[in-house]
Amino acid sequence: MAISTAASAPPQTAPPAVERAPRGVVIAGVVAIVLIGLNLRAGITGAAALLHDLQEVLGYGPLVAAIIPSIPTLCFAVAGAATSWLTRRLGLEKAILLSLVLLAAGLLVRGIPSTGMLLAGTVVGMSGLAICNVAMPSFIRVHFAHRTSLMTALYTVTMTTGATVVAVLIVPVAQQLGSPSAGVGAIGFLALGACLGFLPIALHAHRNAPAVKAGRVSPWPLLRTRTGALITLGFTVQALLAYAVLSWFPYMLVTLGLSASEGGLMFGLMQLVSVPAGMVLVAIGSRPRMQRTAFYLATVTMAVGVLSMLVLPVSWAPLTAVLLGFGLGIFPLVMVMISRSGRTTAETTALSTVAQSAGYLLATLGPFGMGLLHSATGAWTLPLVLLLAVALGQIAVGHLLTGRPKVPPRSGPHQGERPRAEPLRAGTPVATSADTSAGKGQS
């Protein structure tokens with residue numbers, strides 16, 4: 001299925017400027033990926049570990065308690081949808097710099113001890129995070145076209161590392177500062193470091209901006225392709241599971257009898273396990289014909305982890321944390337697929353936009369639904385049963401996502417019949433009208 005573009009441009013794997021980039025710029029790009037990765041979950045996991053304390057100190061009710069963990073995914077859906085437009089107007093690097101400024105500002109505002117400031121700061125910070133989330137696969141494709149798997153792995157590993165460190169340290173830090181609000185606000189200084197680290201990249205891109213603008217690819221028609229539909233579905237399910245767990249796991253442990261410090265420690269263990277899990281799964285999935293095996297490992301382990309949370313006592317929390325942490329390692333696999341899809345940077349950005357915007361919008365049902373169901377029932381049984389059903393569904397989605405492409409028949413079409421394009425599979429380029437007019441087939 002061909003996707004038309006507003007401006008046709010010859011497809012290319014990587015811009016020529018990438019190969020001529022000075023060594024210092026390449027090193028700065030690697031540093032920027034590390035600094036950005038450290039921030040992309042820290043603000044979420046830090047707030048999750050302090051949700052119980054924040055509610056007690058600020059005094060908000062169960063509705064606000066259910067809304068706060070849902071704000072990130074809503075912002076990812078709404079603000080993320082504007083990323084393609086923003087990158088066309090500002091350029092990819094300057095759009096990422098703006099997103100980091102919004103992230104730092106929002107996280108710092110959350111340090112003001114007020115429910116209104118907590119909500120406003122979360123909206124601003126998570127909007128910046130949304131833009132950065134969508135833009136990073138394109139940034140990796142532009143600056144590291146021949147090392148997408150390696151750089152995506154580095155990006156996701158540092159993201160999980162930052163989330164782990166913050167989840168473990170945030171409760172003691174908040175206790176030392178004497179306020180949970182001050183604790184979540186302190187995470188903003190980490191985002192400021194990412195702003196400063198990315199500034200040289202943005203300045204270099206501004207000075208070396210190309211004279212010709214890149215072709216535009218509309219994101220939403222990609223949902224009619226096999227690649228777009230499957231990657232969006234896969235991203236949706238993993239995001240729903242991930243943010244339901246990331247938002248409520250430490251809170252659940254505290255309500256089930258652990259202390260806030262113990263809950264934060266288990267939360268950190270879960271994040272810590274996801275670091276090597278993501279590396280292992282990407283290594284397995286990068287081998288020929290082993291991608292489906294990697295997805296099976298991640299999806300089945302996530303389902304077992306949710307089941308253990310449902311049936312095992314809280315004293316088994318370390319086992320549950322390890323299982324869930326390994327299941328969260330599926331995220332790098334999906335991000336590698338996005339980074340490798342599309343023939344141009346514009347297509348990659350468009351696919352990233354539609355997958356993350358639609359995916360996060362639907363994924364909001366995870367954290368928000370779990371919070372409301374817990375408030376309505378006073379227990380975690382029904383929320384966990386529904387989460388287990390989603391985890392089992394992820395196994396089927398992973399099977400479809402990693403399916404082999406159908407082999408087209410050897411015989412040509414009958415006279416008068418137009419040939420049908422083969423459905424795309426995840427990880428293959430999306431054809432544009434420029435490709436079709438040039439007679440190029442889909443991969």
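Please read these numbers as outputs of a predicted model, since none were measured by experiment.

Engineer: Explain the overall build of the protein to me, and be specific about the residues and the numbers.
Structural biologist: Regarding its fold elements, the protein presents 21 helices and zero strands. Relative to its full complement of 443 residues, the protein shows a buried share of 54%. For the protein, contacts bridging at least 24 residues in sequence account for 83% of all contacts bridging at least 6.

Engineer: Go over the confidence of the model for the protein with me, naming the residues and quoting the values.
Structural biologist: For the protein, mean pLDDT is 79; residues scoring 70 or higher make up 83% of the total. By mean pLDDT, the top-scoring element of the protein is helix 16 (residues 317-327) (94), and the lowest-scoring one is helix 21 (residues 433-437) (36). Note on residues 405-443: pLDDT is under 50 here. Beyond four places in sequence and across chains, it has 68 contacts.

Engineer: Let's hear about the side chain of Thr-87: which residues, and what values?
Structural biologist: Relative to the helices and strands, Thr-87 resides in helix 7 (residues 83-90). The exposure class of Thr-87 is buried, given its relative accessible area of 13%. If we skip the residues at most four places from it in the chain, Thr-87 touches Leu-92, Ala-95 and Thr-349.

Engineer: Give me the lowdown on helix 13 (residues 226-255), citing residues and values where you can.
Structural biologist: With 30 residues, helix 13 ought to run about 44 Å at 1.5 Å a step, and its terminal C-alpha atoms sit 43 Å apart, in line with that. At Trp-248, helix 13 shows its maximal bend, which comes to roughly 45°, and the proline Pro-250 appears one to four places after that position. With 26 of 30 residues buried, helix 13 lies mostly within the body of the structure. Its side-chain oxygen 2.9 Å from the backbone nitrogen of Gly-228, Thr-225 forms the N-cap of helix 13.

Engineer: Explain the packing of aromatic side chains residue by residue, including any values.
Structural biologist: This structure, assessed with the given rule, holds eight aromatic pairs. With centroids separated by 5.2 Å and ring planes inclined at 90°, the aromatic side chains of Trp-248 and Tyr-251 adopt a geometry described as edge-to-face. Taken together, the residues Trp-248 and Tyr-251, both in helix 13 and three residues apart, mark about one turn of the helix. Owing to a relative accessible area of 12%, Tyr-251 belongs among the buried residues under this scheme. Note on Trp-248 and Trp-380: the rings are 5.8 Å apart at their centroids and 50° apart in plane angle, and the pair reads as tilted. Of the two residues, Trp-248 is situated in helix 13 and Trp-380 in the loop between helix 19 (365-377) and helix 20 (381-401); the sequence distance between them amounts to 132 residues. For Trp-248, a relative accessible area of 4% translates into the label buried.

Engineer: Could you give an account of the nonpolar core, naming the residues involved and the relevant values?
Structural biologist: Counting residues in hydrophobic clusters, the biggest one holds 113 residues, and the most contacted among them are Ile-96, Phe-198, Phe-249, Met-270 and Leu-387. Counting residues per element, this core draws most heavily on helix 13, at 17 residues.

Engineer: Pulling in residues and values, what's your account of the packing of helix 8 (residues 92-109) against helix 9 (residues 115-143)?
Structural biologist: Two elements in contact, helix 8 and helix 9, have axes whose closest approach is 7 Å; the angle formed by their N-to-C orientations is 155°. When the interaxial angle is binned, helix 8 and helix 9 end up roughly antiparallel. Here helix 8 runs over helix 9; the crossing is left-handed.

Engineer: Summarise the state of the cysteines; cite the residues concerned and give the values.
Structural biologist: Counted according to the given criterion, the structure contains zero disulfides. Its sulfur unpaired, Cys-132 is 9.5 Å from the next cysteine sulfur, which belongs to Cys-195. Relative accessible area serves as the criterion here: at 10%, Cys-195 is assigned to the buried category.

Engineer: Got a sec to walk through the side chain of Thr-158? Specific residues and values, please.
Structural biologist: Mapped onto the fold, Thr-158 is located in helix 10 (residues 148-177). Judged by its relative accessible area of 9%, Thr-158 is buried. Only 2.9 Å separates the side chain of Thr-158 from the backbone oxygen of Leu-154, close enough to count as a polar contact. Here the side chain of Thr-158 touches Tyr-155 through a polar contact of 3.0 Å, landing on its backbone oxygen. In contact with Thr-158, other than residues within four places in its own chain, are Ile-33, Val-34, Gly-37 and Leu-38.

Engineer: Describe in detail the packing of helix 2 (residues 23-39) against helix 12 (residues 188-207), supporting the description with residues and values.
Structural biologist: Relative to each other, helix 2 and helix 12 sit at 150°, their axes nearing to 9 Å. In terms of their interaxial angle, helix 2 and helix 12 are classed as roughly antiparallel. Where helix 2 crosses over helix 12, the two elements pack in a sense that is left-handed. Contacts from Val-25, Ala-28, Gly-29, Ala-32, Leu-35, Ile-36, Leu-38 and Asn-39 of helix 2 reach helix 12 at Leu-190, Ala-191, Gly-193, Ala-194, Gly-197, Phe-198, Ile-201 and His-204. Of the residues assigned to the contact of helix 2 with helix 12, the class counts are eleven nonpolar, five polar and no charged.

Engineer: Tell me what's going on with a nonpolar patch on the surface, and back it up with residues and numbers.
Structural biologist: A cluster of nonpolar side chains, Val-165, Val-168, Leu-169, Val-173, Leu-177 and Leu-265, forms an exposed patch at the surface whose accessible area comes to about 480 Å². When residues of the nonpolar patch are assigned to their parent elements, the largest contribution, five residues, is made by helix 10.

Engineer: Can you tell me about the environment of Leu-307, naming the residues and giving the values?
Structural biologist: In this fold, Leu-307 is placed in helix 15 (residues 291-311). A residue is classified by how much of its surface remains accessible, and Leu-307, at 38% relative accessible area, is partly exposed.

Calculation criteria
- Residues numbered from 1 in each chain as written.
- Predicted model: local features only at pLDDT ≥ 70, side-chain atom pairs only at ≥ 80, totals over all residues.
- Heavy atoms only, no water.
- Helix = DSSP H or I, 4+ residues; strand = E, 2+ residues; numbered from the N terminus.
- Buried < 20%, exposed > 50% of the residue type's maximum accessible area, 1.4 Å probe, protein only.
- Contact = heavy atoms within 4.5 Å.
- pLDDT = per-residue confidence, 0-100.
- Expected span 1.5 Å × (residues − 1).
- Bend = angle between axes of the 7 residues up to and from the residue.
- Polar contact = N/O pair within 3.5 Å; in protein donor to acceptor, adjacent residues only side chain to side chain.
- Phe/Tyr/Trp six-rings, centres within 6.5 Å; stacked < 30°, edge-to-face > 60°.
- Core = buried A, V, L, I, M, F, W, Y, C linked by side-chain atoms within 4.5 Å.
- Axes fitted to C-alpha atoms, helices over the stretch in contact; angles between N-to-C directions.
- Parallel < 35°, antiparallel > 145°, perpendicular 65-115°, else oblique.
- Left-handed = near helix turned anticlockwise from the far one by under 90°.
- Disulfide = S-S within 2.5 Å.
- Nonpolar A, V, L, I, M, F, W, Y, C, P; charged D, E, K, R; others polar.
- Patch = residues over 30% accessible without salt bridge, like charges linked within 9 Å, V, L, I, M, F, W, Y side chains within 5 Å.
- Areas by Shrake-Rupley, 256 points an atom, 1.4 Å probe, with all protein chains shown as cover.
- Salt bridge = Lys/Arg side-chain N within 4 Å of Asp/Glu carboxyl O.

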